[in-house]
Amino acid sequence: MSPTTFTFRPLDPLTDAELLHTWVTHPKAAFWMMQDAKLEDVERAYMEIAADEHQHALLGLRDGEPAFLMEYYDPVHRELVGLYEPQPGDIGMHFLTPATDTPVHGFTKSVITAVMARLFEDRAVERVVVEPDVSNKAVHALNEAVGFVAEHEIQKPEKKALLSFCTREQFEKAVALV
């Protein structure tokens, strides 16, 4: 499954909220920290993102159907303010693949590869920054597979996170080996 299998569209907080609600409240999405969210909470959270010039949410589509969530943000203004020294060209990223009864081997790796390729389409992006929960070993392995290098742990208000970085060159080298 190649990254070109996927397309992206802006998330619509109102029409997509019901689908997102099922994704973010599923036990598999525990690291998303929305387990107890009501539909209105999801709508509100994504309406705030839609109204914010420093963060964006996209749905990743596979054959035209929603298949995953991608969020990206400017770490100078959101998420990591005061927690690290941002460099010009930094962009922060989150992604979520929903739980499924019929897992496809390699799907999540294809998703993160597509997300990274989409971010690096913007020539101004030099480095992607992530801050997953330190205990989320599965995402650490995925991050490493696409070129991320763990820097150090940081304490965010909601979690202890592993700050990691991936430059365009690291990403291209990592996915070229696949």
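Rules used in this analysis
- Just so you know, the residues in each chain are numbered from 1, in the order the chain's sequence is written.
- The predicted nature of this model means local features are confined to residues of pLDDT at least 70 and side-chain atom pairs, given and counted, to a pLDDT of 80 or more, with totals for whole chains, interfaces and linings taken over all residues.
- Where side-chain values are given, they derive from all heavy atoms of the structure, hydrogens and water being excluded.
- Runs of H or I in DSSP of at least four residues are treated as helices and runs of E of at least two as strands, each being numbered from the N terminus.
- Throughout, radius of gyration means the C-alpha value; the globule benchmark is 2.2 Å times the number of residues raised to the power 0.38.
- Under the scheme applied here, a residue whose accessible area is under 20% of the maximum for its type counts as buried, over 50% as exposed, and between as partly exposed, the area being computed with a 1.4 Å probe on protein chains only.
- Any two residues whose heavy atoms approach within 4.5 Å at even a single point are treated as in contact.
- Accessible surface is estimated by sampling points in the Shrake-Rupley manner with a 1.4 Å probe; for residues, cover comes only from the protein chains shown.
- A side-chain nitrogen of Lys or Arg and a carboxyl oxygen of Asp or Glu constitute a salt bridge if their distance falls within 4 Å.

Enquirer: How would you summarise the overall build of the chain if you had to cite specific residues and measurements?
Expert: A tally of regular secondary structure across the chain gives 5 helices and 7 strands. What you see for the chain is a C-alpha radius of gyration of 15 Å, in line with the 16 Å of a compact globule of 178 residues. For the chain, the C-alpha atoms occupy an extent of roughly 40 × 35 × 30 Å along the three principal directions. For the chain, the proportion of its 178 residues judged to be buried stands at 46%. At a minimum sequence separation of 6, the contacts of the chain that also span at least 24 residues come to 60%. Carbon and sulfur atoms make up 54% of the accessible area of the chain, which amounts to about 9,600 Å² in all.

Enquirer: Explain unusual backbone geometry residue by residue, including any values.
Expert: Peptide bonds are, in most cases, trans, and in most cases residues other than glycine have a negative phi. In the Ramachandran plot, Asp63 falls in the positive-phi region, its phi being about 55 degrees despite a non-glycine side chain. Mapped onto the secondary structure, Asp63 falls in the loop between strand E2 (55-62) and strand E3 (65-73).

Enquirer: Lay out the pattern of salt bridges in plain terms, naming residues and giving numbers.
Expert: Applying the stated criterion to the full structure yields 9 salt bridges. For Lys156, the salt bridge is made with Glu79, and the minimal N-O distance between the two is 2.4 Å. Taken together, the positions of Lys156 in the loop between strand E6 (149-155) and strand E7 (160-167) and Glu79 in the loop between E3 and strand E4 (90-96) put the pair 77 residues apart, joining distant regions of the chain. Residue classification places Lys156 among the buried positions, given a relative accessible area of 3%. In this structure Glu79 comes out as partly exposed when scored by relative accessible area, which is 32%. Salt-bridge contacts for Glu153 lead to Lys160; the nearest nitrogen and oxygen are separated by 3.8 Å.

Enquirer: I'd like to hear about the environment of Ala30, residue by residue, with values.
Expert: By secondary structure assignment, the location of Ala30 is in the loop between helix H1 (17-24) and helix H2 (39-50). Separated by 119 residues in sequence, Ala30 and Val149 have C-alpha atoms that sit 24 Å apart.

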